[in-house]
Amino acid sequence: MTSNTGMLPLTPGLGPLAPSIYASNTNNKVLIIDNGGHTLKIATNNPSQPHIIVPNQVGKVKNEKHQIMGEELINYNDPSEVRSRNPMEKGYITNWSLEKEIWDYAFKRDDMKIKPQDYNLLLTEAPNSLDDLRKTMYEVVYEQYKFKSLYLTTSSTLGLVHIKQQLLQYQQQQHQPPLDASMMSLLKSPCHLVVDCGYSSTHIIPHFQNTRLNYAIKRFNVGGKLLTNYLKEIVSFRYWDMMHETKLMNTIKEKTCFISKDFIYDIKRCQIDKLNSNLKIDYVLPNYNDPNNKTGYIKEKNNNKNDKLNVNIEKDNNNNNNNNNINNDIKSKEGEELKLNDETKIDSTTTNTKEEDMDQVLSLVNERFTVPELLFNPSDIGMNQAGLAESIVQSINCTNSNLHIPLYSNIILLGGSTLFPGLKERLELELRKLAPEQYNINIFQPQDPILSPLYGGIRLAQQPDYLKNSISKQDYEEYGYNYCNKKFF
């Protein structure tokens, strides 16, 4: 059967969709916090109040007493001097005293000015949180901040709410082009499989009628944090010591890494001549004394005589993925490659030395795709866990057999780690090998997979029955935290 990957046709966010997002029920003030491992995304159901994104970290500079957070942490002159602490471990809040400092900073910002006792709180958490962690959270929310009520859910559920409401609005307003069959299936089907690939880990969460099927949730501990740390280790071993440059290496990862469609082929292709591979990227490292170069940038490639060879290799990649033929191609081109190296060796060394005198350049080749490959093969670094495609199949197989077809047909990608180029296409190829042939595979991704849960929370806060599904401060004081755990199971 056919497979399809799609980008949702709507412009997400609070732009054109703002009137409908804030259409009703603004009498009850609701504060929405998507409490991610890397950033906090915060908004209210007030259309005049913007949403904010705050680093979920607290920084400390050596020999300085005060801590830095928020905009000061983002814009600090030399990030390598900052030692950051995170209140979350493996996706769960374990240090509430530190998390409270970050919340307090966000609430007191001039563009927020939140008084918690006047608001109902809609908060996200990772699936299957421990009771002891939740007990502390209830104490902070109800007893210390004194929020009027709490609605606890996962970012995957909120992202699903946003996407379905977005598609429904698109259909009702009769935009052109109309929704195709796969989009209509996503809108009408009661079954959806949300892949939430975030900072700390990746969760596979099946939903039936917007409700999580907890028994079928799968998790593997590969997320943006692990990928950044892996890239730091590789670069520190091969080039320079980057173990204290977490922010820089995260930026380089986001700008340069991609998912390979054929990992073995690309590895062999890099072995032909690593220095002249068309996969090579030169990244100019930042100069913290230069206000125009605080994050670094990708250096433009110069055309040279190797372009012809690179084009031929690219054609081979498109026409032939057989490993035996790859080996033959590599052997046949070794002689030509050596000649080209001899011809360009003098020219390239003289130009490079002049440029390197001015800038520090980090050259990345196979690192660009071997790092995010961990999403599909965690065993590459010794993790005894299934990868993305295998986890999806395992999750679907845990559900009733009648749900398998719609779950394969409605896969949604959320989280910052799904933004790697080529991820959707590679996931489709891997699932096609594992799924029954008669099943369609449709993979969808919103244009902003990071903020979709926040937008979904704004939409959910507008529902007439929102307060019915939350737990008030009075109920918590009367029935205790066990009642809350049962409500938010």
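### Some words on the overall build of the chain
Item 1. The helix and strand inventory of the chain stands at 18 helices and 21 strands.
Item 2. Taking all 489 residues of the chain together, the buried fraction comes to 52%.
Item 3. For the chain, restricting intrachain contacts to residue pairs at least 6 apart in sequence, the fraction spanning at least 24 positions comes to 71%.
Item 4. Just so you have it, the chain exposes about 23,600 Å², and 48% of that area is on carbon and sulfur atoms.

### Quick word on the pattern of salt bridges
Item 1. Counted under the stated rule, the structure contains 10 salt bridges.
Item 2. Among the salt bridges present, the one from Arg109 reaches Asp111, with a minimum N-O distance of 2.8 Å.
Item 3. Judged by relative accessible area, which is 16%, Arg109 ranks as buried.
Item 4. Residues Arg134 and Glu125 are paired through a salt bridge, measuring 2.4 Å at the closest nitrogen-oxygen approach. Both residues of the pair, Arg134 and Glu125, belong to the buried class.
Item 5. Three or more residues joined by partner-sharing salt bridges are found here, namely Glu71, Arg109 and Asp111.

### Here we look at the packing of aromatic side chains
Item 1. One pass over the full model with this rule turns up 13 aromatic pairs.
Item 2. With 5.4 Å between their ring centres and 15 degrees between their planes, Tyr151 and Tyr466 make a pair best called stacked. Of this pair, Tyr151 sits in strand E11 (residues 149-153) while Tyr466 sits in the loop between helix H16 (452-461) and strand E21 (471-472), and the two are 315 residues apart along the sequence.
Item 3. We classify Tyr151 as buried; its relative accessible area is 15%.
Item 4. Overall, the relative accessible area of 2% leaves Tyr466 in the buried class.
Item 5. Residues Tyr408 and Tyr439 carry aromatic rings whose centres are separated by 5.5 Å and whose planes lie at 45 degrees to one another, so their mutual orientation is tilted.

### As for the packing of helix H7 (residues 224-238) against helix H8 (residues 246-256)
Packed helices, taken two at a time, are described by the angle between their axes plus the distance between the axes.
Item 1. Between H7 and H8, the shortest axis-to-axis distance is 9 Å and the interhelical angle comes to 100 degrees. Here H7 is positioned roughly perpendicular relative to H8, judged by the angle of their axes. Taking contact as the criterion, the partners of Gly224, Leu227, Thr228, Leu231, Lys232 and Val235 in H7 are, on H8, Thr246, Met249, Asn250, Ile252 and Lys253.
Item 2. Residue composition of the contact of H7 with H8, by class: 5 nonpolar, 4 polar and 2 charged.

### Some words on the packing of helix H13 (residues 388-397) against helix H15 (residues 423-434)
Item 1. Interhelical geometry of H13 versus H15 gives an angle of 55 degrees and a closest axis separation of 9 Å. Judged on the interaxial angle alone, H15 and H13 are oblique. Crossing handedness for the pair H13 and H15: right-handed. Across from Leu388, Ala389, Glu390, Ile392 and Val393 in H13, the residues of H15 making contact are Leu423, Leu427, Glu430, Leu431 and Leu434.

### Some points on the pairing of strand E2 (residues 30-35)
Across a regular strand the side chains alternate sides, sitting on one face of the sheet and then on the other.
Item 1. In terms of burial, E2 is largely enclosed, as 6 of its 6 residues are buried.
Item 2. Where E2 meets strand E10 (residues 120-124), 4 bridges bridge the pair, whose relative direction is parallel. What sits directly across from Ile33, in E10, is Leu123.
Item 3. Note: E2 against strand E3 (residues 39-44), 5 bridges, orientation antiparallel. For Ile33, the partnering residue across the bridge sits in E3 and is Ile42.
Item 4. Connecting the antiparallel pair E2 and E3 is a turn made up of 3 residues.

Conventions and cut-offs
Residues numbered from 1 in each chain as written. Predicted model: local features only at pLDDT ≥ 70, side-chain atom pairs only at ≥ 80, totals over all residues. Heavy atoms only, no water. Helix = DSSP H or I, 4+ residues; strand = E, 2+ residues; numbered from the N terminus. Buried < 20%, exposed > 50% of the residue type's maximum accessible area, 1.4 Å probe, protein only. Contact = heavy atoms within 4.5 Å. Areas by Shrake-Rupley, 256 points an atom, 1.4 Å probe, with all protein chains shown as cover. Salt bridge = Lys/Arg side-chain N within 4 Å of Asp/Glu carboxyl O. Phe/Tyr/Trp six-rings, centres within 6.5 Å; stacked < 30°, edge-to-face > 60°. Axes fitted to C-alpha atoms, helices over the stretch in contact; angles between N-to-C directions. Parallel < 35°, antiparallel > 145°, perpendicular 65-115°, else oblique. Nonpolar A, V, L, I, M, F, W, Y, C, P; charged D, E, K, R; others polar. Left-handed = near helix turned anticlockwise from the far one by under 90°. Pairing = 2+ DSSP bridges.

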